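Observations on the three-dimensional arrangement
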4 protein chains.
Amino acid sequence: MCGVIGIIADRDIAPELYYGMCALQHRGQDAAGMLTFNGGPKLKKGSGKVTDVFSADDIRRLHGNIGIAHTRYPTASSNNLNEDAHPFLVYASKRIGMVHNGNLTNYYEMREKVKKRGVFLDTENDVELMVKIFAYEYENSSDAFHAVKQLMQNVKGAYSVICGIEDVGLLAFRDPNGIRPLMLGKNEHGYCVASESIAFQQLGYERIRDLEPGEAVLIHVDGTLTAEIIDQREHRPCMFEWIYFARPDSMIDDRAVYNARLKLGFELAQQFKHEVDVVIPVPDTARTAAMKFAETLNVKHREGLIKNRYSLRTFIMPTQSSRETEVNIKLNPIISVIEGQRVAVVDDSIVRGTTSRRIVSLLRKAGAKEVHFLSTCPPITNPCFYGVDMPTKEELIASDKNVEEIRKFIDADSLTYLSLDGLKSALKKENPCMACLTGEYPVPVESKEMALVATSRTNARKC
Amino acid sequence: MCGVIGIIADRDIAPELYYGMCALQHRGQDAAGMLTFNGGPKLKKGSGKVTDVFSADDIRRLHGNIGIAHTRYPTASSNNLNEDAHPFLVYASKRIGMVHNGNLTNYYEMREKVKKRGVFLDTENDVELMVKIFAYEYENSSDAFHAVKQLMQNVKGAYSVICGIEDVGLLAFRDPNGIRPLMLGKNEHGYCVASESIAFQQLGYERIRDLEPGEAVLIHVDGTLTAEIIDQREHRPCMFEWIYFARPDSMIDDRAVYNARLKLGFELAQQFKHEVDVVIPVPDTARTAAMKFAETLNVKHREGLIKNRYSLRTFIMPTQSSRETEVNIKLNPIISVIEGQRVAVVDDSIVRGTTSRRIVSLLRKAGAKEVHFLSTCPPITNPCFYGVDMPTKEELIASDKNVEEIRKFIDADSLTYLSLDGLKSALKKENPCMACLTGEYPVPVESKEMALVATSRTNARKC
Amino acid sequence: MCGVIGIIADRDIAPELYYGMCALQHRGQDAAGMLTFNGGPKLKKGSGKVTDVFSADDIRRLHGNIGIAHTRYPTASSNNLNEDAHPFLVYASKRIGMVHNGNLTNYYEMREKVKKRGVFLDTENDVELMVKIFAYEYENSSDAFHAVKQLMQNVKGAYSVICGIEDVGLLAFRDPNGIRPLMLGKNEHGYCVASESIAFQQLGYERIRDLEPGEAVLIHVDGTLTAEIIDQREHRPCMFEWIYFARPDSMIDDRAVYNARLKLGFELAQQFKHEVDVVIPVPDTARTAAMKFAETLNVKHREGLIKNRYSLRTFIMPTQSSRETEVNIKLNPIISVIEGQRVAVVDDSIVRGTTSRRIVSLLRKAGAKEVHFLSTCPPITNPCFYGVDMPTKEELIASDKNVEEIRKFIDADSLTYLSLDGLKSALKKENPCMACLTGEYPVPVESKEMALVATSRTNARKC
Amino acid sequence: MCGVIGIIADRDIAPELYYGMCALQHRGQDAAGMLTFNGGPKLKKGSGKVTDVFSADDIRRLHGNIGIAHTRYPTASSNNLNEDAHPFLVYASKRIGMVHNGNLTNYYEMREKVKKRGVFLDTENDVELMVKIFAYEYENSSDAFHAVKQLMQNVKGAYSVICGIEDVGLLAFRDPNGIRPLMLGKNEHGYCVASESIAFQQLGYERIRDLEPGEAVLIHVDGTLTAEIIDQREHRPCMFEWIYFARPDSMIDDRAVYNARLKLGFELAQQFKHEVDVVIPVPDTARTAAMKFAETLNVKHREGLIKNRYSLRTFIMPTQSSRETEVNIKLNPIISVIEGQRVAVVDDSIVRGTTSRRIVSLLRKAGAKEVHFLSTCPPITNPCFYGVDMPTKEELIASDKNVEEIRKFIDADSLTYLSLDGLKSALKKENPCMACLTGEYPVPVESKEMALVATSRTNARKC
């Protein structure tokens, strides 16, 4: 998924970018990078969490008034054993850096196209392709909006982009369908553009508004702001932001994530037909929906599963195979909550079904009399080509099994998926991108991309 | 606080000890160590989390049938810049290793005493003193229970100890008041002794019972178990285990932590006299109590504060002083939950008052109409000498301010502390150790120890 | 300076490349990188020594039959806080990777030129520019020799380049003046191209010959070799390879380094007119010349200065300023060798003069009666634009001082520089590149490059 | 072997101790540690080189006026997976820290003895035993010389010890035979005690004298010095210091190491009966002897073997077995020096014979017509019990083979060992410890120690 942030101000912005990355860390812990301009560009990026990549020294050296930063979601290791962390920087007449959240669906076609005029890429990273197309157009026109327009006419997919342009300013734009989030904040020192409003709250910016689909916003070094709709189509924001990705305290496309999650629980409650004694969430994401679900049904809400927050390494050991299910160190049931109860367990989604099956088994071993499984996300039947890391279609349990078959597989007493209508109602969005639920893709996908996603779980290009 | 675990089995126990430490990681992330016996002893310890200290190679090398392990709570750095991680190992006729959770209250007196017969310590760590006294008595008697008895007659304080004795077995004992927890589990391969029952659940041991105050249990290498009450006084278990330290899914001294926390919320609800629109917990510990509090009062329960789970470094930066309160990156309010509401916020305790004041301020900025603060722990008026890391008496806000003064300091509309009776009722314990609330210390404290704790925030000896 | 190596064989070559980099480690310890092809490309690079950058796992993952590798000389940190380590890889129709030793003298001009057709660079590294020009020409012609020809017609400077081309083979070429070394080796499994013959010795390749100035050699995947002189001018090999850079056990351009160094000592002896009691080298490079110098003059040869081989950090400490000269931890005199003696000390060169002055002072303090200083390199009066890291002209002591003035500065009793004729005679080269000694540059240097080197000590582009 | 250093001065000595450890780094790169007193003690130790263990922050925190430090030689990993680095610190009435170079020969006997009065050790490290015996005697007498006397009456072996005693001063002593070196230096700020005089040269201390065998020296905090011969026997300094361990620029027991090494070469020349064309050393230690050897015989002296200074990891790889001898990356011949020549190669010693055989083979492959091998150390026939890390007796090639058999094994044309008389003459010592050459051990060795060294290559207790 990735998180992006850009700031332009009348003072040094490196510390703010650092804290901004921390606030967006939940969107990606695999790599982090920051580019600032203070006259010339300064770049630091690397693999790991923000606090692993940046030292206090780095933040001092990255002193500047314009800057962009990125936190990257783990992707399968590419051929390039080095991390392809963002930002990408090009040495055009004006140095230009770019970060991006999303995924292009015609990457290979465009790579061939630019290759024809002698532009060879160093990586297989979307953002390198985008920044080089953008720089080419900007070089010839010195017009950022013109360059965005040319870019939008060429690349397809989901992209929320922030650019720093040397001596010019900070540019941000969002694809014509506005699939990935991007929003604008302001304080007395300058502007901030970020993936989620949590960054504004934590850095002391007032949230102004979301960028519109296909809109570009340029904040000039003199502090003035110019905005232009470049190419607007139907707004199709990714429903997974509210279901799973975004922090509960963020506001995305004018819909508070927390309220959306409460409503997911309310809608689930409308669909649920069984009698239960206790409602428990699978921590942490589903907690909000479970809370409202229980409230609506007037059933006891309890924490029945405790998550171990400390990452741990898994060893292959002689004695282990026999205990595989015993050592369930990541998730542990509270016996006193579950024993002898009819339990409704609420999770955010069911992907392969294996985790859900393990949870049901855990609850049964802890003495649950009945286990009713609920998912705030409708059945996932198709892969995502817009930047969400998912298994191949074959691995998605809902791609070839119906609800009753899935219920049997996870061994639950009942299984309730939120309906598509319930989902739309919860998000208060008429037509969010639900391609992974319906197979209806708002932006066309080139065949090579399709083939690639069909056979490998992840690709290195995903932001 | 620290977590301790020991295992004796008919197979290699190093992997289990590793996972056991992971399960007890919440009791201490500062250092970790493991000692196993396979004939001779093998020891590895170091600073950091379990996964930082141990590699897969270490676990292989630590192959053995008897073993003890420890996770250590952060303490102020001592004069010894190296970490004084547990276990401590002595080369007596039988090699003996020891881990411990607690704090001695006559350490300096005992150190002088052993010095008189030429025993000089290498560290200022309680456990080194204890293992050397124990080894001396064991060397002369070859009787573990006798040695424990001699130890108990000499050292004062809170201690839950596990020992591995080469070729002999695994020994565990608890101080005469049973201040710190320690319990016994069993499966078909052997026995496990640990600070919390979560370790049993995750490693596949059945919880048998808590050790009694002043009891010693020895599991011999042949698998037989001998237990003896050495010196039993009134059971005074530390009330903070249920309020804050233990994992919610643990059972301690026959009282489930989760149920105790629910009851804390229930008892708080009996005391609360104000009308509010929404109840929010300060995550994570107070969540359970807040849930039951809201349920009891029939008020909406919401997550109004989101915690950033990613640790971050704090920089001193030129622009920062002006924004100090803005960058509140650890805790962030959900505006939509709070705005315009009368909010009851439930926390586990109030120590210095500064965090509570910051939380009230955060909520007011987020638009709360009223902020009512509740603490599941009664006013903390005195320091702990039994292993809980606390500020000096002067720094404890309740040491010289009454409730109304504290309310003013934190700027809340009301402030409700759980009563002592409410606490006892929630824990279902007649007489828990509440020395930090009442100043009534169940075990006497030598004057040097008192002076030390009075002037410095922490000392290196704490378990 | 940097070291380069490429191998193509009928078996996995990653381990050989690893050991080859170790053999060339003396040419650069700042960064290391390796690219292999096994069908698709695999790349790993990073800052530090070879053993810091590569794990055994990396070597396994880099499995392939064609590969190139690079060790990089420390350069001043560039704006890009990430290391610009080689190899550089481009995704043209055939993936192409490149490593390089040398420096371009028309980099900025060429960067502008490619920018005009929309090719923007990501770094300020010569090799990125070269691989992109090469890839452009290769893409359109599929003819490696044609592409090299186009490249040679455009870029100016010193460059010894090795390319891996996916499914095609291994390509190596040397600039028209052959300034930097590059040579060809062979064994029964394949071919190796490297900066120095030491790599052949250590990997079991037979040294065939040096590449000629302006020659390109292509070894195809089928094992056949094609060679072509693309653009040959006078051979001007850098004299510093024999004086300082190369390992003494290497053979470069048909002249054994060890023999050349012996001859440097012999030639120095012809010029030296003073009576001395003992000859000592400044370790390690000057040892060979000093040995022959002493032998020729029939004077005792001793080690009078011992080098501390362990790198150490320098602290800024309150007590230090007063002891600055005392703590001379890198070089230490052997009193018994020096005390009361007339000492001839032989070094490889005098750059700023400050180190030489410190050495003379050390020897005097150790009791030397007279100190005669000799340099196997003639006075360095001009900066290098072909890849040797040197101070600016102002900092070069010989740029504005004559020999007598330098002698006074370093406080020696006499100072003898090897003559230009002596140097040529030692190298057995008629016309080596001696631009830094004479100011006569064999390849023109663009004005921006000149300005840059004139004002800053190093630039990030140097191989 | 290990290096020790202690300083007491009227100013902060932590930086000096740091640089002192760097100067003694050649005596041990496995671990390093420093203890200082500034009132209370401050200790830092860890595994790795000095620069790995200590940060600038550590040096600041270790601020003090009395201090001791240690660099430790690699030993086989003990049962204790943590490093047993020195110094060891005990909390007696005065805190006492100790470092040591040497090895006890009645460790197990003494360990039993102290165990009898209840003193149990935490490690299997000599120095822990010594500091605890010392502390016991010092505690009861407050008389450092008395305590040293008691210690000397109890422990046997080789030991050069430095102690820091809180508020009292710096104490140093050497075993009654003076097997390991220890010397005293002075400047206007205070005193320094160290293993080698190189430390004095580099820190600006004047070398006063070596400690005598069995002498103790105490420098009080007021700057006064008291010395006393506690128990003096025949001086038996380890001959290996001059042959191999010490830095060439050190002076040990009044004999300059460099001069001794020259003399080793001279003596070898007296014994050598063959005609050769060139003399080459095995770098680095044998270089001095080879130089004098060649000079004496009036034969050409050349560097024929070049050492790769960069440490490298060795991989086990499929293709490697076939190339095992090819990849000789640590030592490489200079063909032009060796080809067609009758070569005399001088090494410092022959231990197992395998390295010598490999060197002969390298030289033959490089074209040597004849290879004559010389060793400046006579045949090593017995293990060392005084702190030199050696293989077991069975592994020592000279333990059961005569010179001719060894010559055949290493495949040399001739083999010349320096004679015992030649060795004594070179060292200018009448009766150095040559136990490893003669089996005559100056200090008795307890049987358990003997058994241990007989079966395992190293033990963790050494220095």
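Quick note: structure is the one above.
Points about the environment of Pro379(D)
Residues and elements named next belong to chain D. Within the fold, Pro379 resides in the loop between strand E21 (370–375) and helix H13 (403–410). Sequence spacing of Pro379 and Ala398 is 19 residues, and the spatial spacing of their C-alpha atoms is 5.7 Å. Filtering out sequence-adjacent residues up to four positions away, Pro379 remains in contact with Ala398, Tyr417, Cys436 and Leu437.

Details of the interface of chain A and chain C
Counting from both sides, the interface comprises 34 residues of chain A and, opposite them, 34 residues of chain C. Buried surface at the junction of chain A and chain C, both sides included, amounts to about 3,000 Å², of which 52% is carbon and sulfur. Asp122(A) is paired through a salt bridge with Lys132(C); the nearest N and O atoms lie 3.0 Å apart. Remark: the boundary between chain A and chain C carries six residue pairs in polar contact (both at pLDDT 80 or more). Broken down by secondary-structure element, the contributors of at least two residues to the side of chain A that touches chain C are strand E3 (40–47), helix H3 (56–61), strand E5 (88–91), helix H4 (107–116) and helix H5 (126–141) of chain A. Of the residues assigned to the side of chain A that touches chain C, the class counts are 13 nonpolar, seven polar and 14 charged.

Brief notes about the environment of Asp400(B)
Relative to the helices and strands, Asp400(B) resides in the loop between strand E21 (370–375) and helix H13 (403–410). Linking Asp400(B) and Arg72(B), residues 328 residues apart in sequence, is a C-alpha distance of 31 Å.

So, the sheet that holds strand E22 (residues 414–417) of chain D
Residues and elements named next belong to chain D. In spatial order, the strands read E17-E16-E20-E21-E22; together these five strands make up an open sheet with parallel pairing. Bordering the open sheet on either side are strand E17 (300–301) and E22, each of which pairs with just one other strand. Taken together, the six bridges between strand E20 (residues 342–347) and E21 define a ladder with parallel strand orientation. Note that in E21 the partner of Arg342 across the bridge is Glu370. Contacting E20, E21 and E22, helix H9 (residues 257–271) runs over the sheet at an angle of about 130° to E22.

The rules behind the values
Residues numbered from 1 in each chain as written. Chains lettered and ligands numbered in written order. Predicted model: local features only at pLDDT ≥ 70, side-chain atom pairs only at ≥ 80, totals over all residues. Heavy atoms only, no water. Helix = DSSP H or I, 4+ residues; strand = E, 2+ residues; numbered from the N terminus. Contact = heavy atoms within 4.5 Å. Buried area = accessible area lost by both parts, 1.4 Å probe. Salt bridge = Lys/Arg side-chain N within 4 Å of Asp/Glu carboxyl O. Polar contact = N/O pair within 3.5 Å; in protein donor to acceptor, adjacent residues only side chain to side chain. Nonpolar A, V, L, I, M, F, W, Y, C, P; charged D, E, K, R; others polar. Pairing = 2+ DSSP bridges. Axes fitted to C-alpha atoms, helices over the stretch in contact; angles between N-to-C directions.

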